[in-house]
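The chain contents come next:
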Amino acid sequence: MAFAIPKLTRRNTAVTRIACLVISILVMLAISYTPSSKEALAELESNLRIGSAVFSLLFRGILVFLFSAVLVRLITTLWLRFEEVPENTAVIKRGDLCINTTRGIAAIPMYQSKLRSIIESSEGTVVEIVNSIISMGFSLNASDIHISPDPDRAEVVYRIHGNLYPIGEISQLLYPHLVRRIKILSSLSIFKHGVPQDGKLNFEDKTYTARVSVFPTSNGERIALRLANVNARIMDLENIGMPENILLDYKALLNRSQGMIVITGPTGSGKSTTMFSSLLSIQAQRKDSVNIVTLEDPIETNLKGFQQTQVGQATGLTFPAALRSVLRQDPDVIMLGEIRDEETASIAIRAAMTGHLLLTTVHANSTSGVFNRLSQMGVDPVQLSSTVHAVLSQRLCRQLCPSCRKIVELTDSLVRQLKLLGVNNIPEAPFYEAEGCTECLGHGFIGRVALFEMFIVTDNLRNFISRGLPSHQLSREAKKAGMQTLLDHGLKYALEGKISLTELTRVVSE
Ligand SMILES: [Zn+2]
């Protein structure tokens, strides 16, 4: 909407009331002096047995008052609905954000009391509350902000390094206004309440992005924001925690001029980080003689020297269409956000067979499962075996707090869980857990470490893949060939006291 509607202040409300009263009086006068309606009114009055002139005047006065009240109600309701719609108020300005990333989770108690005082001191200035919640989320490097309503309040929770930290509470009275503000900031409909809506927060400073999801629950609409800073520094491949042997092989594979490398793992396991670090590594290895294009949904990080394209609903450009066209741009390396349908899979394989190195992600629960998944999408196993160089799988594990971790006995339940995961000889070594202390705000964890597993397609394994072997058999063959699994990597960390076995079994069985 291009025009701005002024705020409905107390003064504006008073003016509206007077105007409505005047209109109602005029309408009544018009009715009283128009011959046809005059008769109808007289008939109504005689039906109601209003005889005298005084009572008639009183009756007409009441009608005027009622009509005016309805009119005021109608106008103010509509006014309130539209007053904040103009685009100029629906952006988070640079000055609205106050971001300070220096202190990490140690700053959480400070932010909790700061938010409480903002909410208490300025009941009603929802704009300020929303700005603070978002600024604090970025300051704490939160990956997500959840605002979940229950019958008497709504709780604001941040997800930082996989842990959930409550940060504040919003009264049920204020909450609908907060939802409305967030919807307006993300250009979502403020009239729809019973349906899920997805959008993006509008930031003036394009460095910041936040995906918004509004979801109806029995207590009101629940909000989830996924935060991203597109200028966040990309880590070097050497620093993302890959074991030395995997790193060396992986870098060698990235130097290939064609074929496909697939990264798999659940949502939030750091696949994007690995993908971008890989592209940087390719750029560094091949100097300037490489044309790297990316097709992403959404673009999460700005990269220098790469051609990045936003694909997906927001632009109306689909992955298959984008991929087909980008091949005519003479790329050497293509980063494709995800393969999730047959059409994309078939174009991707063709691209990887015709002189392009293609990096992509596929949703599967293991490295070997990727081959089955791609076959299900209609890719010929023979083509698959000759195109895919390797599948990299990863998980993020919460790291034990060094201040409060301590040695624990192995419980029967843990032994059983490890056995179910295929660990029959559990090493006789101290394992650790952490109870929580002031350093880690009672969570027992600080930061995360990544676990990796790489399925390299050797000649021997190529044979099995082209025969369409099921994933558990492929996995067995790969292990025979020396593949180090996620579990192997995790056990190493558990023995070093970096992670707990409970966390390892949770993460690896995902
Ligand atoms: Zn601790």
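Remember, predicted model here, so these are calculated numbers, not experimental data.

Turning our attention to the sheet that holds strand E12 (residues 388-400). Spatially, the seven strands line up as an open sheet ordered E9-E8-E10-E11-E7-E12-E15, and their pairing is mixed. Only two strands of the sheet have a single neighbouring strand rather than two, namely strand E9 (307-310) and strand E15 (445-456). Direction aside, neighbouring strands of the sheet carry axes that sit 20 degrees apart on average. Looking at chain direction, strand E10 (residues 333-339) and strand E11 (residues 357-362) are connected through five bridges and run parallel. By the bridge assignment for E11, isoleucine 334 is matched with leucine 358. Taken strand by strand, helix H9 (residues 319-326) contacts strand E8 (292-296), E9 and E10, and its axis lies near 170 degrees from that of E8. Across the sheet, helix H10 (residues 342-353) lies against strand E7 (259-264), E10 and E11, angled at about 160 degrees from E10, the strand it touches most.

Here we come to helix H16 (residues 486-495). In terms of burial, H16 is a largely internal element, seven of the ten residues being buried. For H16, the complete set of buried residues consists of Leu486, Leu487, His489, Gly490, Leu491, Tyr493 and Ala494. Residues of H16 that are buried make contact with E12, strand E14 (431-434), E15 and helix H17 (501-508). Remark: glycine 497 follows H16 within two positions and exhibits a positive phi of approximately 80 degrees.

Taking every second residue as pointing to the same face, the buried face of strand E1 (residues 144-150) carries Ile145, Ile147 and Pro149, while none of Asp144, His146, Ser148 and Asp150 on the other face is buried. Relative to strand E2 (residues 153-160), E1 runs antiparallel, the two being bridged by seven bridges. Pairing of aspartate 144 across the sheet is with arginine 159, part of E2. Bridge count between E1 and strand E6 (residues 220-229): four bridges; the pairing is antiparallel. Counted as the bridge partner of histidine 146 is alanine 224 from E6.

Looking at the protein as a whole, its pLDDT mean stands at 90, while 96% of the residues score no less than 70. Between the elements of the protein, mean pLDDT differs from a low of 85, seen in helix H2 (residues 35-47), to a high of 98, seen in E7.

Relative to the elements of secondary structure, proline 243 occurs in the loop between E6 and helix H7 (244-254). Each C-alpha atom of the pair proline 243 and threonine 76 lies 64 Å from the other, and the pair is 167 residues apart in sequence. Those residues in contact with proline 243 that lie beyond four places of it in its chain are Phe452, Gln484 and His489.

Let us now look at the environment of alanine 478. Mapping alanine 478 onto the fold places it in helix H15 (residues 471-480). Sequence separation between alanine 478 and threonine 367 is 111 residues; the distance between their C-alpha atoms is 9.9 Å. Not counting the four nearest positions on each side in its chain, alanine 478 is found in contact with Ser368, Phe455, Leu461 and Met483.

In this section: unusual backbone geometry. A cis geometry characterises the amide bond from aspartate 297 onward to proline 298, with omega recorded as -5 degrees. Tracing the chain through its elements places proline 298 in the loop between E8 and E9. For arginine 49, which is not glycine, the phi torsion reads 55 degrees and is therefore positive. Considering the arrangement of structural elements, one finds arginine 49 in the loop between H2 and helix H3 (53-82). Judged by the 7 C-beta atoms lying within 10 Å of it, arginine 49 is exposed. A positive phi angle, close to 55 degrees, is found at aspartate 330, a residue other than glycine.

Turning our attention to the sheet that holds strand E4 (residues 197-200). If you trace the six strands from one edge of the open sheet to the other, you get E3-E2-E1-E6-E5-E4, paired in antiparallel fashion. One side of each edge strand has no neighbouring strand; the edge strands of this open sheet are strand E3 (163-171) and E4. Averaged over all adjacent pairs, the angle separating strand axes in this sheet is 15 degrees, with direction ignored. Strands E1, E2, E3, strand E5 (208-217) and E6 of the sheet are contacted by helix H5 (residues 126-139), whose axis makes an angle of about 40 degrees with E6.

Thresholds applied
- Positions within a chain are numbered from 1, following the residues in the order the chain's sequence is written.
- For a predicted model such as this one, the threshold for reporting local features is a pLDDT of at least 70, and the threshold for listing and counting side-chain atom pairs is 80 or more; totals across whole chains, interfaces and linings nevertheless cover every residue.
- We treat two strands as partners when DSSP finds at least two bridges between them.
- Here a helix means four or more residues in a row that DSSP labels H or I, a strand means two or more in a row labelled E, and each is numbered from the N terminus.
- The axes are straight lines fitted to the C-alpha atoms, using for helices just the contacting stretch, and the angles between their N-to-C directions are given from 0 to 180°.
- Note that contacts rest on C-beta atoms placed from the backbone: two residues are in contact if these are within 7 Å.
- Between the buried cut of 20 or more and the exposed cut of 12 or fewer other C-beta atoms within 10 Å of a residue's own C-beta lies the partly exposed class, and all C-beta atoms are placed from the backbone.
- Scored from 0 to 100, pLDDT records how confident the predictor is in each individual residue.

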